[in-house]
Every structure is written in C-alpha cells, then in structure tokens.
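Listed below are the residues making up each chain.
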Amino acid sequence: MAARISYDDVEVGTELPTAAFPVTRATLVRYAGASGDFNPIHWNEKFAKEVGLPDVIAHGMFTMAEAVRVVTDWTGDPGALVEYGVRFTKPVVVPNDDEGAVIEVGGKVAAKDDEARTVRVDLLVKSAGQKVLGMSRAVVRLA
Amino acid sequence: MALDQSFVGRTYPATEPYEVGREKIREFAEAIGDTNPVYTDPEAAKALGYPDVIAPPTFVFAITFRAAGQVVQDPQLGLDYDRVVHGDQKFAYTRPVRAGDRLSVTSTIEAIKSMAGNDLVTVRGDVHDETGEHVVTAHTMLVARAAEEA
C-alpha cells in the first residue's frame, strides 16, 4: 500500500541491494514445521540419496520465500507485491555441517508500467555458483 | 501414459475456510528469517494501512497446495504422486493475506502438457476470503516424471 520507493525514482536497469541468505539443516527443519512440508528429502540424508539426490536439499518454496525478500526489503511493504513467480531449475544442496548453504539474490528493474505504477524486477538467484531459480520475476507497485 | 486433456478446466469444490492466525504468521516469518515488523507487530501493519499483521508473500502456498491435493489425488486424473516434483510457482495478489482471514481455495486444472514423457499439470488455486473478496491466485505447475523403463 505504501512502498517507500517512489516509482519516479526508479529506472529500467536500477539494481536492488543484493542479499545472501544462509540455510542450514536446522533452517530446513524449522521451515518444514512452519510450512507443513515434511517431505524427507528436506531433512533425511539417507532418503534423499536413495531417490537420487546428492544430499538433503532445501524446500523450493523456502528458496522462493528468501528470493523475494530482496524486493520486499527494498520497498518496505510486502503487500505492494502484485505478482511473483519462479521456476525451480536446480536444487539448493544443504550439507550437514555448521555452514550449510547460502542463497545469493540479486535483482534488477526490467520493465516499468506507467499506468499501473508497477515495476517488474527480475531476480537472479544462485547457490554454490549455480542458478537455482529461473524466470524469477516480481511485479511490485511503487509509491 | 499421457494424462487425459479433457481434465483441463475441471474445477474442484471450494475448501473449508482456513483461519489465518497471528502466531502462525509469526512462526512462518521466523522460519524464513524475515524480521519485517509488518508480519509480527499489528501497529507496524496499521502504519502501512493494514487492519492486522500480514503474511509473507509465499505463506499462502501451504493452503493452496493442500487444496491442490484434491487434484493430485483425483483417481480419475491418475497422477503418479511418487513421481511428482514442483516445476514452477506463481502468485497474483489482489491484497496480502492477513491475520483473521478465513480463506477458502477453489482449485482448477489450468493446463496439462506432455513433454519428453513427463506430464506437466498446472493447478490454479483461487483464494477468497469469507466475504467472497479475491485475495490471491496461485498457479502451481507439477511435473510427474516419466516412469523408468522396467
């Protein structure tokens, strides 16, 4: 409703502040509980390997939740989001150590809509040097 | 075996309302590590013009995905759930989900495609509050991977 970024101050090509979100096994257990997604590929290494994964992987919806924080932290108002979509292209592999993995997110304004006063932000989301989300786009209404 | 295209457009009955609680939103915000006070502090939410705390953008997935279970488990459709992975996800918001909402979901099969032996099913979940106002629509694309050769 009241994003703190003004539409007029933003241009196509404007870059959003980047962010890095750490994810450990403990993060995944907590997310499983909060989201109700208890699929064992997100906490059980033995099971994950049996179904052909390299190790436990993060919930795709967890990665999606983190990626959009670059947009909601920028505008200050998560309710200003109009659309948000991603494609799950590669898993975020989370080893069983103190470090876990890191989800790195960058965003850039790719289009402006003068009538709606919205901008489209294209997100680049990586972990361990690989792009983990494709077609990751958010449309947000600015002040 | 490819899924039956005639299921495209099939709509399932609206779910019983899910009541969104402040503490559930807080738990979710903490689980994703997001400290934005609009998720936890009603005063911060009011300052942005909301009647109560709002939920992070992807919170609603737990509700729409449960509703999509009607589609996934429809024996007539015959999706092999053991082979299903989440392909892509999109949300279109009319307004943010907020504490106190009583949300029901109407699921519709939006598309069925076949690609390299995989079945791609897109389920649309239209989420309305108890006054019938539209809140958000979720589009969930599921991929049922081709069965391995015996």
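(A) Structural detail: the overall build of chain B. Scanning chain B for helices and strands turns up 3 helices and 5 strands. Each of the three principal axes of chain B carries a C-alpha extent, and together these read 60 × 30 × 20 Å. Here chain B, with 150 residues, has 37% of them falling under the buried criterion. Contacts spanning at least 24 positions in sequence make up 69% of the contacts within chain B whose residues lie at least 6 apart.

(B) Up close: the overall build of chain A. Counting secondary structure elements, chain A contains 4 helices and 6 strands. Principal-axis analysis of the C-alpha atoms places the extent of chain A at approximately 50 × 30 × 25 Å. By the burial criterion, 43% of the 143 residues in chain A qualify as buried. Across chain A, every contact between residues at least 6 apart in sequence was considered, and the portion connecting residues at least 24 apart equals 67%.

(C) Quick peek at the interface of chain A and chain B. Contacts between the two partners involve 28 residues from chain A and, on the opposite side, 27 residues from chain B. The set of elements that each furnish at least two residues to the side of chain A that touches chain B consists of helix 1 (25-35), helix 3 (60-67), helix 4 (69-75) and strand 2 (81-88) of chain A. Bridging between strand 2 of chain A and strand 2 (residues 84-93) of chain B involves 5 bridges; their strand directions are antiparallel. Each residue of the ladder has a partner; that of Val-86 of chain A, found in strand 2 of chain B, is Gln-89 of chain B.

(D) Up close: unusual backbone geometry. Phi at Ala-128 of chain A is positive, roughly 50°, even though this residue is not glycine. On the basis of neighbour counts, which here come to 13 C-beta atoms within 10 Å, the residue Ala-128 of chain A falls in the partly exposed class. Unusually for a residue other than glycine, Ala-116 of chain B sits at a positive phi of about 50°. Following the sequence through the fold, Ala-116 of chain B ends up in the loop between strand 3 (102-115) and strand 4 (118-128). The class of Ala-116 of chain B is exposed, set by 6 C-beta atoms lying within 10 Å.

(E) Molecular detail of the environment of Gln-89 of chain B. Inspection of the secondary structure puts Gln-89 of chain B in strand 2. Taking the C-beta count within 10 Å as the criterion, Gln-89 of chain B has 23 such neighbours and is therefore assigned buried. Distance in space between the C-alpha atoms of Gln-89 of chain B and Thr-122 of chain B is 9.3 Å, their sequence separation being 33 residues. Those residues in contact with Gln-89 of chain B, other than ones at most four positions away along the chain, are Met-64, Gly-85 and Val-86 of chain A together with Thr-140 of chain B.

(F) Spotlight on the packing of helix 1 of chain A against helix 1 (residues 22-31) of chain B. With their axes 9 Å apart at the nearest point, helix 1 of chain A and helix 1 of chain B run at an angle of 155° to one another. One element, helix 1 of chain A, and the other, helix 1 of chain B, form an angle in the roughly antiparallel class. Where helix 1 of chain A crosses over helix 1 of chain B, the two elements pack in a sense that is left-handed. In contact with Arg-30, Tyr-31, Ala-34 and Ser-35 of chain A of helix 1 of chain A, helix 1 of chain B contributes Glu-27, Phe-28 and Ala-31 of chain B. The class makeup of the residues in the contact of helix 1 of chain A with helix 1 of chain B is 4 nonpolar, 1 polar and 2 charged.

(G) Expanded view of the pairing of strand 4 (residues 118-127) of chain A. All names here are of chain A. Pairing of strand 3 (residues 101-113) with strand 4, which is carried by 9 bridges, proceeds in the antiparallel orientation. Each bridged residue has a counterpart across the sheet, and for Lys-112 the counterpart in strand 4 is Val-119. Connecting strand 3 to the antiparallel partner strand 4 that follows it, the hairpin turn spans 4 residues, and Arg-117 within it adopts a positive phi of roughly 55°. Strand direction decides the pairing type here: strand 4 and strand 6 (residues 133-141), joined by 5 bridges, are antiparallel. Residue pairing across strands places Val-119 opposite Val-140, the latter belonging to strand 6. Of the pairings in the sheet, the one linking strand 4 to strand 5 (residues 130-131) comprises 2 bridges and is antiparallel in character. Looking across to strand 5, one finds that Lys-126 is bridged to Lys-131.

Conventions used here
- Residues numbered from 1 in each chain as written.
- Chains lettered and ligands numbered in written order.
- Predicted model: local features only at pLDDT ≥ 70, side-chain atom pairs only at ≥ 80, totals over all residues.
- Helix = DSSP H or I, 4+ residues; strand = E, 2+ residues; numbered from the N terminus.
- Buried ≥ 20, exposed ≤ 12 C-beta atoms within 10 Å, placed from the backbone.
- Contact = placed C-beta atoms within 7 Å.
- Pairing = 2+ DSSP bridges.
- Axes fitted to C-alpha atoms, helices over the stretch in contact; angles between N-to-C directions.
- Parallel < 35°, antiparallel > 145°, perpendicular 65-115°, else oblique.
- Left-handed = near helix turned anticlockwise from the far one by under 90°.
- Nonpolar A, V, L, I, M, F, W, Y, C, P; charged D, E, K, R; others polar.

So, to be careful, I would describe these as geometric facts and stop short of saying anything about function.
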